[in-house]
Every structure is written in structure tokens, then in C-alpha cells.
Amino acid sequence: MRLHSLLLLPLLAFGLIGCKDDSAPADQAAAPAQTFHWKMVTTWPKNAPGTGTAAERLAERVNAMSAGRLTIKVYAAGELVPALEVFDAVSRGTAELGHGTPYYWKGKVPAAQFFGAVPFGLSTLEMNAWLSKGGGQALWDEAYAPFGLKPLTAGNSTMQMGGWFNKEINSLADIKGLKIRMPGLGGEVWSRLGATTVVMPGGEIFTALQTGAIDATDWVSPYNDLAFGLQKAAKYYYYPGWQEPQSVLELLINQKAFDALPADLQAIVSEAARAATQDMMDDYVFNNALALDELKKSGTLLKRFPDEVLQAMQHESEQVLGELAAQSELNGRIWASMQTFQALATSMQALSEKELYDWR
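What counts as what
Residues numbered from 1 in each chain as written. Predicted model: local features only at pLDDT ≥ 70, side-chain atom pairs only at ≥ 80, totals over all residues. Heavy atoms only, no water. Helix = DSSP H or I, 4+ residues; strand = E, 2+ residues; numbered from the N terminus. Buried < 20%, exposed > 50% of the residue type's maximum accessible area, 1.4 Å probe, protein only. Contact = heavy atoms within 4.5 Å. Areas by Shrake-Rupley, 256 points an atom, 1.4 Å probe, with all protein chains shown as cover. Phe/Tyr/Trp six-rings, centres within 6.5 Å; stacked < 30°, edge-to-face > 60°. pLDDT = per-residue confidence, 0-100.

When helices and strands are counted, the chain shows 13 helices and eleven strands. Seen along its three principal axes, the alpha-carbon backbone of the chain occupies a region of about 110 × 45 × 40 Å. Buried residues in the chain amount to 48% of all 360 residues. Across the chain, the fraction of contacts at a sequence separation of at least 24, relative to all contacts at a separation of at least 6, is 78%. Looking at the chain as shown, the accessible area adds up to about 17000 Å², and 56% of this sits on carbon and sulfur atoms.

If you want it as C-alpha cells, here you go:
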């Protein structure tokens, strides 16, 4: 054996040099990463502050985090499908994603109402904790699974206001015959107290209130309400927002489309949705404070619902929620889980948040 061959043997043994594989191309390139292009349909008007912008920010975040491997085109209400058809569009695969609020789908999934806003229920922080730590997410997944959908929180508009009214509410008698835009469980409570409730997307509210088609409406809180100019269409701004002590905005994901993503892109979508929730909470806490100050300076009349009315609303809320829970075994488990956690959280908050707010 030649000397140079003897010198190479130890290097080959320890893998310090390799043998050429004549069967592989010399300049073999890595396969290009697979890319995905998704559509997101929303229930919000184009660039609606807080709600519509949250959907746009979520899409931008996913694009950046994935380095362009997953891009999302956002469609406002009516651009691809009407606002209240978002659930169906994502379920059948017309779009891979939807952004809205769960109580819009109560006719299809009665249990969805628990995951949007529960009258006199969990606060924003409590709701997020219940979903992520208290078993709420698993129950939510179970409710939407028959429709081929995966839900995630993708925003929270925090505690809302009681709504805008062109008639004063001084007693229960003033509710009789009132025409009010109020979706979800809160709308059912108003109906039981004698009001006529309707559901309409945000883009139709101002005109309906201004023309007298409705006497009152909830929307969100000062940030969104000021942007919609609702103070120009109604005289009285009522509080507290008993009907929505918090309000989850959800990301609806077509399950088949989600399953087709590699694991890292699935994680990016999930974490982007989680970040969107925190971003929206920050957005609303900050901008509500500014907007309320502006509304007061412009002459908006702030009114508190009378105790008699709030007590009646709380009583009817308990009845409505009990009946909803009794509709199915799943509904019963959801409501029992929420009630258990709310009892624990209430005890804690009485010693912490409530004490602070009372003394501030």
C-alpha cells in the first residue's frame, strides 16, 4: 500500500474526510420551503378600529413570523362574504380563517355563546385564564369540532358599555317595546324584559339608530363607539356593560387547512393569535380612556342603569344561562366549569382588584 493511502486511513476512520458519492449530484440544492396563501374573512367593517385592525395586525404578524411561508389576505365584512356568514365560509373552506365573535353563531352552535360574552360573567383576565388554564379551550374545541373548525382567542375588547339610547331607562317599564340592537345572551335578557331585539353587523348600526329603525344599541365601548360616531345618533350612553363584562374575539381556523400546515407554522398561527389577544387588550384599555374623555367633553350624557333594572337583568340572565346549559350535555359541562372558576375568581378579586379600584 502506498504511503499516502496509509496516512489517509485514520482520517477516514474518524470521519474527518469523506468519500465521494458519485451517485449524488455535486451541487445538490435543498428543496424550497413550502408556502401557503390563506384568506381571512371577518365580521368587521374595513379598518374598524380595534376589531378590524386586530385582524390586519394578526395577518401581518403571521407573515413576519413565518418569513413569508404563510401569508394571509384579510377581507372585511362583505368583501368576500357577508359579516354573518363568516362561520359557514370557514367551515366549508371558502376561506381558511375567520375573525369575529362567537355569539354571532348561536343559531348554529348554541354553546358558542358561552365563549363570547356571558352576562354578569367572567372578566377579561378571568376569561383568558379559564380558556388557557381552566379547561375552557378543550370545551370550545369540542363545540366547534363537528363543523370542522378550530377556535382560538384572537382579541378581547374588554368590558363594554351598556349601550346608546334615545330613550331614558328609569325603570323596568321603560324597557317595554324598546327596539334595541343586542346580540347574544344579553339580547335574550332584553327580550324577556319586554324589548324587541335585533341583530345587525356594525356597519349598519349608525343609520338604524339615526333613522329611528332602532331606539338603542350596544356596540362596544368608547374607542369603537366614538369612531362610529354613535354619539351623533343617540343622546344617552349607559353603563355598566352587564351584558358583556368582556368579549372574546375569535380566530376561526378550518381544521383541515390547519392540519396541512407543518408543526412550526401551526405554532406560529397559535402564538400570533395569543399575541393578538394581548395587543387588543392593551389597545382597548388605553384608547377607551382617551375616547371616554373626548365623549364627555363633546356633551355625551352618561347614565347608569337603575339598580331595579340591573337586578332584573341579573335575575333573567341566570334563567337564560340555566336554560342554555340544560339544552345539551356539553352545554351543561361548559356552564358548570365556568361557574366553578367564577366562584373562585370572585373570592380572589374581592381581595385584590376590587379593593384597589374602590380605594383609587
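Next comes the rest of the account.
Here we take up the environment of Thr53. Among the structural elements, Thr53 can be located in helix 2 (residues 51-65). A sequence separation of 177 residues divides Thr53 from Leu230, and the C-alpha atoms of the two residues are 19 Å apart. Once you skip the residues sitting within four places of it in the chain, Thr53 turns out to touch Asn47 and Ala48.

Applying the stated rule across the entire model yields 19 aromatic pairs. Here the aromatic cluster, defined as three or more aromatic residues joined through ring pairs, consists of Phe87, Tyr103, Tyr104, Trp105, Phe115, Trp130, Trp140, Tyr144 and Phe147.

Per-residue pLDDT for the chain averages 92, and the proportion of residues at 70 or more is 91%. Predicted confidence for residues 1-24 stays below pLDDT 50, and this span has seven contacts to residues more than four positions away or in other chains.

Three or four residues apart is the spacing at which side chains of an α-helix point the same way, because the helix has 3.6 residues per turn. Taken as a whole, helix 4 (residues 124-133) has its buried residues at Thr124, Glu126, Met127, Asn128, Trp130 and Leu131. Where helix 4 is buried, its residues meet helix 5 (136-144), strand 4 (149-156), strand 10 (248-254), helix 10 (263-297) and helix 12 (329-351). With its phi angle positive at about 90°, Gly135 sits one or two positions after the end of helix 4.

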